Amino acid sequence: MRLCGCRLRRSTALLLAVLGVAAVLYVRYMQQEAELTDPDPDVVRIIRQNKNQKEYINRKGIHVVVGHYKGDPPPENLTQAAILNTNDYRPVPGEGEKGMPVVVPAHLLDKMRKLYRINEFNLVASDRISVNRSLPDVRRAGCQDKKYDQSKMSAASIIIVFHNEAWSTLLRTIHSAINRSPRELLKEIILVDDASERSFLGRPLDEYVAQLSVPTRVVRIEERTGLIRSRLMGAQEATGDVIIFLDAHCECTEGWLEPLLARIAESPTSVVCPVIDIINDDSFAYTRSFELHWGGFNWQLHFRWFTLGEREIQARRKDNTAPFRTPAMAGGLFAINRDFFYQSGSYDRDMDIWGGENIEMSLRVWMCGGSVEIHPCSHVGHIFRKNSPYTFPRKGGVGGVLHHNLARVATVWMEKWADFFFKVNPEAAKMKDTTQVSHRMMVKKRMNCNNFKWFLDNIWPEHFFPDDDRFFGKIRNDKLEHCVQRPYATGTGQPSGPATTTDCASNWYTPQLFVMTVDGFIMTDESVCLDVPDGGRETAESRVRIHGCSQLSRQKWFHDSSTSQLVHVDSQKCLDLPTAANPESLVVLACSDGPSQKWTLEEVPWTRLTITRLGELKVNA
Ligand code: UDP
Ligand code: MN
């Protein structure tokens, strides 16, 4: 019974199957028609095509998946996976040449907005620029004229780690390095794929790089590990005497390599960074950046650019083509002697995913006998993003990972300043007991490294951290029981705005904490200072603001402990509360006995152990 019924149904199924096959063959036939007449010269063979998507092999043998987004709204059935796995690199002649901005035509604007978040830069713009685009020679004349003796230089291995990078930005990094380097100075390029999920970064990438003029290979990491361990993996593979790390979205300009290698040849313990120019994340325009900045970090140990220190400004007056010192490096791009990389402790392999490794390396290199420098004759562009496009697995997302990494940096390298860091960053403090740093402590011991105090005094005298020789705490106005508070920073820039007071916080409140140096600078986090912009001498009453520290005398103050006045040194006027004429900010005016001019410098303990003025050792809460 059953068999009989089955048979009948089986024959129906057979008929349907035959019809189905015929239909598929018909569609294939139609697709072949399409293949023969495809107008795109880049298309060699179509694999699959329908109204939402086209997959084909291009002239370079690359498997390309193109989603069609024309029209509004975009097709719903184009899956996220198809979008992510699309390599839509199609250079448009002339686009972005000489570092000019890309103009995206109106019909692509929708797609452009949609694809932006994949990489947190304008992928559509990038895909329209040749991987061999030209760039202006941004070097100053003195640099262009400089002759470097190549016979003294060692060839370098370039290491580029990436996770889900776009094809066009990755390949532009590679081609710009090859195109603008003397062939004999490039030993190899090592790409480290940190568990990318995009299909075009797999075999198509292997095949593409195999035909480059500099030996290039891809090392694969199966499980996401982060940029720190990925770089360690790349370094392990490197055979050049110098290693150069680059982010996966850079562009090297004319003459970028020789200055870096020349400096390392002359000083093998120098870690040398190029000047990092800006590739706009939206237009891909190339903008030269100033050479008048160096790197530091704020109270949260976040890397920041600040105006050059006094000694470096002096040195640059003599020779502005010589490398200059920087307390910290941005981290993405630098050259280092390979032996010194290992001798000095390479990287902390217990740091995850992203962040903090640049501060760790900067402190370690400086404190353990090396130097961190910027070479003004070497310019490399980098796409600076406003947001990170990656997922941050483990340890509670981006915040957790970063706090974990930075807790390690502070614990190993900052001694009692670690207490301060953990007071400013209670989130990081929670991480410190969950992570083991003993093997990094051994590096510090083995290298017989200097301490953090030495680093602050000798490498970064312009710093704004608390220190034994300076006041740290609140600036309290006796009349109002108010404390000076710094303005909020907008974005990642330096906070700046009128100096104001507000109710004093009863516990640790970072925006109300200031240092006053022996030179009389009243500074706080992010290198901002109590400043009298008009100098205070011309008018009876001048506004006071909190603004970038400049080491100028108009930012100098003197606290008279007998009168409690805060005297502005240049004008000999006194800090006072807002007035009818200047209701929005503190002012300086002629000194008087008035209670509005009485300010108490109220010390706040910033480390667990302090030595009191009477010489007692005190344990703070
Ligand atoms: N990267 C990586 N694995 C990660 C995170 C980042 O390989 O888990 C790579 C990333 O592709 C880039 C480099 O590390 O080449 C630096 O990351 P990113 O550019 O996001 O840092 P930023 O320049 O924003 O500081
Ligand atoms: Mn980057």
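Residues numbered from 1 in each chain as written. Chains lettered and ligands numbered in written order. Predicted model: local features only at pLDDT ≥ 70, side-chain atom pairs only at ≥ 80, totals over all residues. Heavy atoms only, no water.

Draft legend 1. Focus on the sheet that holds strand β26 (residues 565-568). If you trace the five strands from one edge of the open sheet to the other, you get β23-β28-β27-β26-β25, paired in antiparallel fashion. Two strands bound the open sheet, and with one partner strand each, they are β23 (542-543) and β25 (557-560). (Pairing = 2+ DSSP bridges. Helix = DSSP H or I, 4+ residues; strand = E, 2+ residues; numbered from the N terminus.)

Draft legend 2. A look at the nonpolar core. Membership of the largest hydrophobic core comes to 75 residues, with the highest contact counts inside it found for F297, L363, F455 and F465. No other element matches helix α13 (residues 397-413), which puts seven residues into this core. Counting 42 residues, the second-largest nonpolar core is a separate cluster that includes W167, A177, L185 and L261. (Core = buried A, V, L, I, M, F, W, Y, C linked by side-chain atoms within 4.5 Å. Buried < 20%, exposed > 50% of the residue type's maximum accessible area, 1.4 Å probe, protein only.)

Draft legend 3. Broad picture of the coordination of the manganese ion (ligand 2). Summarising the metal site, the manganese ion (ligand 2) is bound by the protein donors D247 (OD), H249 (NE2) and H382 (NE2), whose distances to it range over 2.1 to 2.3 Å. Within one chain, the residues serving as donors to the manganese ion (ligand 2) are arranged as D-x1-H-x132-H. (Donors = N, O, S within 2.8 Å, 3.2 Å for Na, K, Ca; no water.)

Draft legend 4. Molecular detail of unusual backbone geometry. Of note in this structure, K98 is not a glycine but carries a positive phi near 60 degrees. Its location among the elements puts K98 in the loop between α2 (80-84) and α3 (109-119). Looking at K98, the relative accessible area reads 63%, which means it is exposed. In the Ramachandran plot, S564 falls in the positive-phi region, its phi being about 65 degrees despite a non-glycine side chain. Its relative accessible area of 17% is what places S564 among the buried residues.

Draft legend 5. Looking closely at the site of ligand 1. For ligand 1, the set of nearby residues contains 15 residues, the closest of which are V161, D194, R224, W354 and Y390. Note that an oxygen atom of ligand 1 is positioned 3.1 Å from one of the backbone N or O atoms of A248. Within the side chain of R385, one N or O atom sits 2.9 Å away from an oxygen atom of ligand 1. About the coverage of ligand 1: the protein hides 88% of its 530 Å² of free accessible area. Within the shell around ligand 1, the residues separate by chemical class into seven nonpolar, four polar and four charged. (Near = heavy atom within 4 Å. Polar contact = N/O pair within 3.5 Å; in protein donor to acceptor, adjacent residues only side chain to side chain. Areas by Shrake-Rupley, 256 points an atom, 1.4 Å probe, with all protein chains shown as cover. Nonpolar A, V, L, I, M, F, W, Y, C, P; charged D, E, K, R; others polar.)

Draft legend 6. Spotlight on the side chain of N298. With respect to the helices, strands and loops of the structure, N298 is situated in the loop between β11 (293-297) and β12 (303-307). Here Q300 takes part through its backbone nitrogen, which lies 2.8 Å from a polar atom of the side chain of N298. A polar side-chain atom of N298 sits 2.9 Å from the main-chain amide nitrogen of H302. Filtering out sequence-adjacent residues up to four positions away, N298 remains in contact with R304, F464, F465, D525 and E526. (Contact = heavy atoms within 4.5 Å.)

Draft legend 7. Molecular detail of empty space enclosed by the protein. Tallied over the entire structure, the rule returns three cavities of 30 Å³ or more. Within this model, the largest cavity holds a volume of roughly 90 Å³. Lining the largest cavity we find 15 residues, and of these L84, T86, L123, A166 and F200 sit closest to its centre. For the lining of the largest cavity, the secondary-structure elements that each account for two or more residues are α2, α3 and α4 (123-127). Looking at the lining of the largest cavity residue by residue, the classes come out as seven nonpolar, four polar and four charged. (1 Å grid on protein atoms, 1.4 Å probe; cavity = no way out; pocket = protein on both sides within 12 Å on 5 of 7 lines; lining within 4 Å. Points joined across faces, edges and corners; volume = space filled by probe spheres on them.)

Draft legend 8. Geometry of the packing of helix α12 (residues 357-367) against helix α17 (residues 452-459). Running from N to C, α12 and α17 cross one another at 85 degrees; their axes reach a closest spacing of 10 Å. Here α12 is positioned roughly perpendicular relative to α17, judged by the angle of their axes. Between α12, through L363, W366 and M367, and α17, the contact on the second element is made entirely by F452, W454, F455 and I459. (Axes fitted to C-alpha atoms, helices over the stretch in contact; angles between N-to-C directions. Parallel < 35°, antiparallel > 145°, perpendicular 65-115°, else oblique.)

Draft legend 9. Geometry of the state of the cysteines. Scanning all chains against the criterion turns up five disulfides. Across the disulfide from C483 sits C504; the S-S distance is 2.1 Å. Linking C483 and C504, the disulfide has an S-S dihedral of approximately 95 degrees and is accordingly described as right-handed. Here C504 lies in the loop between β19 (500-503) and β20 (514-516) and C483 lies in strand β17 (residues 482-485), a separation of 21 residues in the sequence. Covalent S-S linkage joins C574 and C591, the inter-sulfur distance amounting to 2.1 Å. Because the torsion about its S-S bond is 95 degrees, the bridge between C574 and C591 counts as right-handed. Separated by 17 residues along the polypeptide, C574 in strand β27 (residues 573-576) and C591 in the loop between β28 (587-589) and β29 (599-603) bring together distant segments of the chain. The class of C591 is partly exposed, set by a relative accessible area of 37%. By sequence order of its bonded cysteines, the protein has the disulfide arrangement 1-3, 2-4, 5-6, 7-8, 9-10. (Disulfide = S-S within 2.5 Å.)

Draft legend 10. Geometry of the confidence of the model for the protein. This prediction gives the protein a mean pLDDT of 89; 86% of its residues lie at or above 70. Of the regions scoring below 50 in pLDDT, residues 1-18 engages in zero contacts with residues more than four places distant in sequence or in other chains. Note on residues 24-37: pLDDT is under 50 here. Beyond four places in sequence and across chains, it has five contacts. (pLDDT = per-residue confidence, 0-100.)

Draft legend 11. Quick look at the pattern of salt bridges. In this structure the tally under the stated criterion is 39 salt bridges. Linking R139 and D137 is a salt bridge whose minimum nitrogen-to-oxygen distance equals 2.8 Å. Take R139: its relative accessible area is 16%, and that puts it in the buried class. Using a relative accessible area of 33% as the deciding quantity, one classes D137 as partly exposed. With its nearest N and O atoms 3.3 Å apart, the salt bridge here joins E291 to R316. Placement of the pair is E291 in the loop between β10 (286-287) and β11 and R316 in helix α10 (residues 310-318), with a sequence separation of 25 residues. For the pair formed by E291 and R316, the shared burial category is buried. Overlapping salt bridges bring together R140, R288, E291 and R316 as one network. (Salt bridge = Lys/Arg side-chain N within 4 Å of Asp/Glu carboxyl O.)

Draft legend 12. Representation of the packing of aromatic side chains within the structure. Counted under the stated rule, the structure contains 28 aromatic pairs. The interplanar angle of 80 degrees and the centroid separation of 5.9 Å between the aromatic rings of F341 and Y347 together place this pair among those described as edge-to-face. In terms of burial, F341 and Y347 fall into one category: buried. The ring of W417 is capped by K416, whose NZ or CZ atom sits 5.6 Å from the centre of that ring. Here the guanidinium or amino end of K432 rests over the ring plane of F422, the centre of that ring lying 4.6 Å away. (Phe/Tyr/Trp six-rings, centres within 6.5 Å; stacked < 30°, edge-to-face > 60°. Lys NZ or Arg CZ within 6 Å of the ring centre and 35° of its normal.)

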